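Take a look at the letters that make up each chain.
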Amino acid sequence: MWSFFLLIMIYTGIYSLMAMGQNVITGYAGMLSLCQAGFFAVGSYATAILCVKCGWSFWATLPVAALLSAFLGLLIGLPTLRLKGDYLAIATLGFGEIVRNVINNWDKLTNGPMGIQRIPMVKLFGYTFSPYRKGIFLILVWVIVLACYFLVTRLAKSRMGRALEAIREDEIAADSMGINVTLYKVAAFVIGAALAGIAGSLQAVFMLSVSPGTYVFMVSIMVLCMVVLGGMGNFFAVIVGAFIIQFISYFPQLVGLSSVIPPQFKQILFGLILVLMMIYRPQGMLGRSMRSYDKLQGISKPGLLAKLRKKGDAR
Amino acid sequence: MRILETQGLTRAYGGVVAVNNVDFTVEKDLITGLIGPNGAGKTTLFNNITGLDMPTSGKVIFNGKEITGTPAHRICRMGIARTFQNIRLFKELSVLENVMLGCHFKVGDPKRRLASALKSYVRLSSEEEELYQRAHKWLGFFKMESLENELAKNLPYGHQRYLEIARALATEPQVIFLDEPAAGMNPQETESLMSTIKRIRDLGVTVVLIEHDMKLVMNICDNITVLNYGGKIAEGTPSQIKSDPLVIEAYLGKDDEDE
């Protein structure tokens, strides 16, 4: 039971990374993308192939996985920028499937439907992070999750995060305010893809094998569910969302009812969650995180304001 | 001095010619009005100048340099800001953030994009402080400091119009295009808008406005251009426009048809 809980927490961590990426693309830039599974697969296979065929260590493959996914994010971002809403969703959905089909059929590189086995375990200073000792592996996953969380929340707080939100709110107005919409949209795709690539890399060293069956369209839907359930535009909320979705999908095994409740049950549940959330609480459980300017408002009220007024007069 | 002009600007959507061979000139430091009946092509002309639309033929010249077909965000960076007929605020963001977004590119370096992005990232608080101060100053110009933390969508209509102007001014433009700023305002609000537009001009910003409120247009504009069916039918000072037979015909119809 305890070990099962640890398993759920590890998957929560891995999916949190993907959900944070989805949050940059959907929650901030407002683009409905459905190809996190594709980037996830690219990250996994990058790690698997480099570890097994080239003998790299996990730590060397991690940035390569992120960069390769990011590059694919750029490739998908550039042509689909003109698309909006449903059309973008369809185009990205297609991209995710293309990735899976390429992996399935490129026998020489990916070993086709057989997948790649015997991926070496992660080592750090002579210590081995074995996925069989879940407590230790959990720490590895969550250290990476927290590092990424720090990086993306800081991004969201900067003027770049604000520009992404402006694009989500009104693209034409953002363009007319001197914001390079194209650049920011591509950047959102690249960041989202890189995070999914990192998640894929961790998935590979956790399962110690990769096969195309893991990277199905359902993964993208799960990730979207996490973001919608937790709250779009709130990185902490999507982690909570990731936990809840993972908990739900492993619930039958957790309570020993997996023989009674078929695995398809969770797909019905995800659809139900998406519909119910959209009707009753479109902002998600925790809602969007608001930036606070209290600190800035505090410092500038007495002295600086007068100075600014003077500057304004000089104009 | 001419700060901006269009030469033979034409925009056709298939067979419909929305703007037909229009020479529109804007004099520096003055208030220029653009009037005409509904569907005359005024907003299309604005869109073509500010880069949201591409002219079919003709040129747009700003400060002696041709800017035809330049993307909107670059035109904004050159010093042309605008507001919209149907208010386009960032509705889910606060009033302060809306204006901060107007200053957005003021703290970056377009020549070194990656470097300035990294700078924003690393020196987050100092840059945010600068943006805040700039935005706060512009909100002060419209006496809206107390509304800073409201969401833009929750503001009353008149304030939304002002916020849009504040956001456009925050880009520190040389020319500001106002698309029907007085639409939906009552006479008192229009009155205060008139004095605000004069204050904007006094900042050294050239103002171009589309407006249907003739009282406002005749009172504050130095030059007026009249469009009808996509073509320019008159141009001149308010008193010249008032007595122009073509303008009267466009607005009131021909005399003899009623007889």
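Residues numbered from 1 in each chain as written. Chains lettered and ligands numbered in written order. Predicted model: local features only at pLDDT ≥ 70, side-chain atom pairs only at ≥ 80, totals over all residues.

Chemist: What is the right way to read the overall build of chain A from this model?
Modeler: Scanning chain A from N- to C-terminus turns up 14 helices and two strands. Here the C-alpha atoms of chain A give a radius of gyration of 21 Å, agreeing with the 20 Å that 2.2 N^0.38 yields for 315 residues. Overall, chain A is about 70 × 45 × 40 Å in size when its C-alpha atoms are taken along their principal axes. When the 315 residues of chain A are sorted by exposure, 46% land in the buried category. Contacts spanning at least 24 positions in sequence make up 80% of the contacts within chain A whose residues lie at least 6 apart. (Helix = DSSP H or I, 4+ residues; strand = E, 2+ residues; numbered from the N terminus. Rg over C-alpha atoms; globule rule 2.2 N^0.38 Å. Buried ≥ 20, exposed ≤ 12 C-beta atoms within 10 Å, placed from the backbone. Contact = placed C-beta atoms within 7 Å.)

Chemist: Teacher, can you tell me more about the overall build of chain B here?
Modeler: A count of helices and strands for chain B gives 10 helices and 10 strands. Rg of the C-alpha trace for chain B: 19 Å, near the compact-globule value of 18 Å for 259 residues, within the 12% margin. Dimensions of chain B along its principal axes, counting C-alpha atoms only, are 75 × 40 × 35 Å. Per-residue burial for chain B yields a buried fraction of 44% across its 259 residues. For chain B, long-range pairs separated by at least 24 residues make up 67% of all intrachain contacts whose partners lie at least 6 apart in sequence.

Chemist: Where do I start with the domain arrangement of chain B in this structure?
Modeler: By a widespread convention, an interface's size corresponds to the accessible area lost as its parts come together. Residue and element names in this part refer to chain B. By domain assignment, chain B separates into domain 1 (2–79 + 173–252) and domain 2 (92–159). Relative placement of domain 1 and domain 2: their C-alpha centres are 28 Å apart. With four residues of domain 1 at the interface, the matching set in domain 2 holds four residues. Taken together, the residues of the side of domain 1 that touches domain 2 break down into one nonpolar, one polar and two charged. (Domains from an automatic or database assignment. Nonpolar A, V, L, I, M, F, W, Y, C, P; charged D, E, K, R; others polar.)

Chemist: Honestly, the environment of phenylalanine 4 of chain A in this entry has me stumped. Any pointers?
Modeler: Residue and element names in this part refer to chain A. Relative to the assigned elements, phenylalanine 4 resides in helix 1 (residues 2–28). Residues phenylalanine 4 and leucine 254, spaced 250 residues apart in sequence, show a C-alpha to C-alpha distance of 6.8 Å. For phenylalanine 4, the residues in contact, after removing those within four places along its chain, are Gln253 and Leu254.

Chemist: What should I look at first to understand the confidence of the model for chain B in this one?
Modeler: For any part of a model where pLDDT is low, the fine detail of the predicted coordinates should not be relied upon. Mean pLDDT over chain B works out to 89, with 96% of the residues at or above the 70 mark. Here helix 4 (residues 113–122) of chain B stands out as the least confident element of chain B, with mean pLDDT 73; strand 7 (residues 175–179) of chain B is the most confident, with 95. (pLDDT = per-residue confidence, 0-100.)

Chemist: Explain the sheet that holds strand 1 (residues 2–13) of chain B to me, please; I cannot follow it from the model alone.
Modeler: Backbone-to-backbone hydrogen bonds pair the strands of a sheet. The strands run either parallel or antiparallel. All names here are of chain B. Taken together, the four strands give an open sheet; going across it, the order is 2-1-4-5, and neighbouring strands pair in antiparallel fashion. Of all strands in the sheet, those with a lone pairing partner are strand 2 (16–27) and strand 5 (65–66), marking the two edges. As defined by bridge partners, strand 1 adjoins strand 4 (residues 57–62) across five bridges and the pair is classed as antiparallel. Each bridged residue has a counterpart across the sheet, and for threonine 10 the counterpart in strand 4 is serine 57. Contacts between helix 1 (residues 42–49) and the sheet are confined to strand 1, strand 2 and strand 4, with strand 2 contributing the most and set at about 65° to the helix. (Pairing = 2+ DSSP bridges. Axes fitted to C-alpha atoms, helices over the stretch in contact; angles between N-to-C directions.)

Chemist: I keep staring at unusual backbone geometry and nothing clicks. Help me out?
Modeler: Outside of glycine, negative phi angles account for most residues, and trans bonds account for most peptide bonds. Residues and elements named next belong to chain B. Phi angles above zero are rare outside glycine, and glutamate 172 is one such case at about 50°. Note that glutamate 172 resides in the loop between helix 6 (157–169) and strand 7. Even without being glycine, tyrosine 229 reaches a positive phi, approximately 45°. Structurally, tyrosine 229 can be placed in the loop between strand 9 (223–228) and strand 10 (231–236). For tyrosine 229, a count of 14 C-beta atoms within 10 Å puts it in the partly exposed group.

Chemist: Would you take a moment to explain the pairing of strand 10 of chain B for this structure?
Modeler: Looking along a regular strand, one sees side chains alternate from face to face of the sheet. Two elements, strand 9 of chain B and strand 10 of chain B, share five bridges in a ladder whose sense is antiparallel. Pairing of leucine 227 of chain B across the sheet is with lysine 232 of chain B, part of strand 10 of chain B.

Chemist: I'm lost on the packing of helix 2 (residues 36–54) of chain A against helix 3 (residues 58–80) of chain A in this one. Help?
Modeler: How two helices sit against one another is set out by the angle between their axes and by the gap between those axes. Residue and element names in this part refer to chain A. Axis separation between helix 2 and helix 3 bottoms out at 8 Å; the angle between their running directions is 145°. Relative to helix 3, helix 2 is oriented so that their crossing is right-handed. On helix 3, the residues that touch Phe39, Val42, Gly43, Ala46, Thr47, Leu50 and Cys51 of helix 2 are Phe58, Thr61, Val64, Ala65, Leu68, Ser69, Leu72 and Gly73. (Left-handed = near helix turned anticlockwise from the far one by under 90°.)

Chemist: Could you clarify how one ought to interpret the interface of chain B and chain A in this entry?
Modeler: At the interface, 36 residues of chain B touch 28 residues of chain A. Those elements giving two or more residues to the side of chain B that touches chain A turn out to be helix 2 (72–78), helix 3 (95–103), helix 4 and helix 5 (124–141) of chain B. Of all the elements, helix 5 of chain B adds the most residues to the side of chain B that touches chain A, at nine residues. Classifying every residue of the side of chain B that touches chain A gives 16 nonpolar, nine polar and 11 charged.

Chemist: Just to check I follow, could you spell out the environment of glutamine 174 of chain B for this structure?
Modeler: Along the chain, glutamine 174 of chain B falls in the loop between helix 6 and strand 7. Once the C-alpha coordinates of glutamine 174 of chain B and threonine 10 of chain B are considered, the two residues, 164 residues apart in sequence, prove to be 24 Å apart.

Chemist: What's the story with the pairing of strand 3 (residues 31–35) of chain B in this structure? I'm lost.
Modeler: All names here are of chain B. Counting buried residues along strand 3, five of its five residues qualify, which places the element largely inside the surrounding structure. A two-sided burial pattern is seen for strand 3, the buried positions comprising Ile31, Gly33 and Ile35 on one face and Thr32 and Leu34 on the other. Alignment of strand 3 against strand 8 (residues 206–210), held across four bridges, turns out to be parallel. From the neighbouring strand, threonine 32 faces strand 8, where its bridge partner is valine 208.

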